[in-house]
Amino acid sequence: MVTLVIVEDEYIIREGLKNAMPWQEWGVKVIGTASNGADGLELVKQTKPDIVLTDIRMPKMNGLEMLAAIKEVEPDTEVVLLSGYDDFEYAKNGLNLGAKGYILKLNLSHDLERMIKKVAEVCEEKKKHRQREREKDNLVLYDQIRQLLLGYQSSTIHYEEEKKHWNKVNFQAGVVRMRNYYLLEKQGRASHVAREMSLLEETARSLSNGNLFTIRMRENELVIVHYGSSNELISKDFTSNMEEIIRKVEKEKNQQLSSFLIGVGSIYKGLEGLYTSYKEAKHVTINIDLGTHLSAVEVYEKAKLRNSELMMRIKKIEEQILDAFEHGSQQKGYQELESWFEVWKEECHVSALQHMVLEFLYLLIQRIQDTYGYDKEIEKLKSELLQLRYYETSNDLEIWMRKLIKQIMEETEKHSFDDATKQMHRIIRYIDQHITEKITLKEVSEHMYLNTSYLSVLFKRKMNKTFTDYVVEKKIEIAADLIRNGHKVQDAAHAIGYDDMKHFRKMFRKYKEHHPGTFAQKS
């Protein structure tokens with residue numbers, strides 16, 4: 001419904017317009033009246049109506065002066081002028097100032113309905129356009145928040161208005177991660193894992209009250225983000241809520257789910273706060289997995305960085321170290337490690353540094369398992385991480401860390417992973433990082449310096465599916481995630497690089513066994 005404010009100095013006309021017209025039948029709601037231009041302007045600032053219906057000749061501030069001021073402070077508000085015969089020239093000037101139209105008072109009963117309905121249509125169309133733009137921006141925001149949490153890019157939100165809005169919002173992140181994922185994968189139960197994670201995600205959405213969204217960070221990791229304008233809007237017992245989600249799925253499916261690690265971060269304001277909350281939640285799952293039960297909140301307070309730019313630089317260094325060790329470039333890995341360690345030594349207390357080292361080494365083991373799969377000996381090295389508590393100086397900690405990394409890499413090198421397998425893991429990582437783009441076999445082969453035909457054959461042999469099938473399946477999974485989070489089907493399609501909606505619907509039905517519209521209703 002369109003909102004309207006009436007500004008008229010004559011009481012009888014003002015009250016008559018307010019009470020005698022069938023506004024509701026016209027799809028209009030009168031939200032206020034004022035007796036002069038100055039009060040009318042203040043009312044517009046407070047209520048931000050879609051339409052202002054105003055007289056021209058008024059005390060304190062006339063209608064044209066008010067019109068000019070409105071266009072400065074609320075440019076989307078449309079103004080319709082009420083004019084007498086002797087105001088006709090003023091009314092024409094009003095059109096030049098931006099009025100949508102004028103009505104002669106003598107023809108009020110005849111012209112008012114037509115004019116208001118015409119302007120209301122314009123307002124409704126503008127609202128729809130703004131909504132479409134917001135939805136597009138939200139899709140961009142969703143993708144960029146995911147990129148922020150993954151650490152793939154240094155800048156997060158490119159839309160300044162969106163950034164301003166989200167930096168006023170309180171966030172709290174929770175992480176649900178499947179324990180023993182790599183062992184389950186080795187046992188050929190990857191599809192079982194995927195089903196359970198999808199069930200958790202769908203149930204989390206169904207239990208939300210609208211101030212929650214979910215992000216699938218990895219095959220075995222789901223991030224659930226609560227947000228609101230005040231702490232009261234954020235769940236005070238997030239862990240219990242997440243445990244309730246797991247119990248609900250078990251009850252509905254009449255089966256016990258796999259073991260899950262649940263970590264919850266603190267409530268923070270803004271996008272940087274969301275990242276911190278996510279890091280805390282992730283840290284909690286690591287400590288629970290290792291049995292340390294240490295407080296991530298205290299750690300991150302001690303390790304608070306002076307600026308987010310520095311945090312992103314550290315994240316970039318971490319990614320370079322992990323990539324180097326993953327691909328066997330130990331010399332490069334150790335060189336980058338020195339930079340990483342120097343920054344942390346400067347920035348935080350040694351007790352916090354212990355936690356940062358713990359998290360980094362845990363991620364290194366996880367990355368190696370991502371690349372090479374489950375290995376019992378590498379898994380055993382996780383228990384060695386607990387030894388870090390005995391190293392109380394940064395120098396001792398660095399020596400121990402280097403020694404453990406060497407052990408991890410020696411254990412990794414014992415395995416006879418052929419070059420093709422290593423290539424395949426790098427290919428999959430590249431695809432996953434660019435999955436929302438229009439990625440092609442030619443593009444990937446050029447990036448990897450491989451022959452296109454060779455890559456096609458290698459992909460089929462190693463993944464037991466074609467390159468196209470893998471990419472489309474991944475894209476549809478992301479689209480389904482967006483639809484579950486309330487996005488329109490068309491926007492979800494565009495977000496993953498589909499312009500042809502007919503083709504998108506066909507692919508969605510192929511992989512999800514539902515038309516996207518039906519899927520949206522069920523979600």
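Here, the structure is the one placed above.
Residues numbered from 1 in each chain as written. Predicted model: local features only at pLDDT ≥ 70, side-chain atom pairs only at ≥ 80, totals over all residues. Heavy atoms only, no water.

### A few points about the overall build of the protein chain
Within the protein chain, the secondary structure is distributed over 23 helices and 10 strands. For the protein chain, the residues scored as buried account for 50% of the 523 residues in total. Summarising the internal contacts of the protein chain: among those between residues at least 6 apart in sequence, 67% fall at separations of at least 24. Counting only carbon and sulfur atoms, one obtains 47% of the accessible surface of the protein chain, whose full area is about 25,900 Å². (Helix = DSSP H or I, 4+ residues; strand = E, 2+ residues; numbered from the N terminus. Buried < 20%, exposed > 50% of the residue type's maximum accessible area, 1.4 Å probe, protein only. Contact = heavy atoms within 4.5 Å. Areas by Shrake-Rupley, 256 points an atom, 1.4 Å probe, with all protein chains shown as cover.)

### Focus: unusual backbone geometry
Located in the positive-phi region is Lys48, a residue other than glycine, with phi close to 50°. Mapping Lys48 onto the fold places it in the loop between helix H2 (37-47) and strand E3 (51-55). If you check the backbone angles, Asn464 has positive phi at about 60° while not being a glycine. With respect to the helices and strands, the residue Asn464 is situated in the loop between helix H19 (452-463) and helix H20 (467-484). With a relative accessible area of 67%, Asn464 lands in the exposed category.

### What to know about the nonpolar core
Formed by 34 residues in total, the largest nonpolar core has its most connected members in Trp340, Val357, Phe360, Leu361, Met401 and Ile405. Residue assignment for this core shows that the elements contributing at least two residues are helix H10 (270-290), helix H12 (308-326), helix H13 (330-347), helix H14 (350-372) and helix H16 (394-413). Ignoring sequence-local partners within four residues, the contact set of Met401 consists of Leu337, Trp340, Phe341, Val357, Phe360 and Leu361. (Core = buried A, V, L, I, M, F, W, Y, C linked by side-chain atoms within 4.5 Å.)

### Some words on the pairing of E3
The buried fraction of E3 is high, at 5 of 5 residues. In this structure, strand E1 (residues 2-7) lies alongside E3, joined through 4 bridges in parallel fashion. Bridging across to E3, Leu4 finds its partner in Ile51. As defined by bridge partners, E3 adjoins strand E4 (residues 78-83) across 5 bridges and the pair is classed as parallel. (Pairing = 2+ DSSP bridges.)

### Section: the sheet that holds E1
In spatial order, the strands read E2-E1-E3-E4-E5; together these 5 strands make up an open sheet with parallel pairing. Looking at the sheet topology across the chains shown, the edges are occupied by strand E2 (28-34) and strand E5 (101-104). Here the strands of the sheet are splayed against their neighbours by 25° on average, with no regard to which way each runs. Both E4 and E5 contribute to a ladder of 4 bridges, which runs parallel. (Axes fitted to C-alpha atoms, helices over the stretch in contact; angles between N-to-C directions.)

### Some details on the packing of H20 against helix H22 (residues 501-512)
Two elements in contact, H20 and H22, have axes whose closest approach is 10 Å; the angle formed by their N-to-C orientations is 95°. Here H20 lies roughly perpendicular to H22, going by the angle between them. Facing H20, whose interface residues are Asp469, Val472, Glu473, Ile476, Glu477, Ala479, Ala480 and Ile483, H22 presents Phe504, Met507, Phe508, Lys510, Tyr511 and Lys512. Residues belonging to the contact of H20 with H22 are distributed by class as follows: 9 nonpolar, no polar and 5 charged. (Parallel < 35°, antiparallel > 145°, perpendicular 65-115°, else oblique. Nonpolar A, V, L, I, M, F, W, Y, C, P; charged D, E, K, R; others polar.)

### Considerations on the pairing of strand E8 (residues 221-228)
On a regular strand, each side chain points to the face opposite its neighbour's, so the side chains alternate between the two faces of the sheet. Counting buried residues in E8 gives 7 out of 8 residues, a clear majority hidden from the surface. With 6 bridges joining them, strand E7 (residues 212-218) and E8 adopt antiparallel strand pairing. From the neighbouring strand, Ile215 faces E8, where its bridge partner is Val223.

### What about the packing of H2 against helix H3 (residues 63-73)?
Between two packed helices, both the angle of their axes relative to each other and the distance between the axes serve to describe the pair. At their nearest, the axes of H2 and H3 sit 10 Å apart, and the two run at 20° to each other. In terms of orientation, H2 and H3 fall into the roughly parallel class. For the crossing formed where H2 meets H3, the hand is right-handed. Residue-level inspection shows Gly37, Gly40, Leu41, Val44 and Lys45 of H2 in contact with H3, the latter providing Met66, Ala69, Ile70 and Val73. Partitioned by chemical class, the residues of the contact of H2 with H3 number 6 nonpolar, 2 polar and 1 charged. (Left-handed = near helix turned anticlockwise from the far one by under 90°.)

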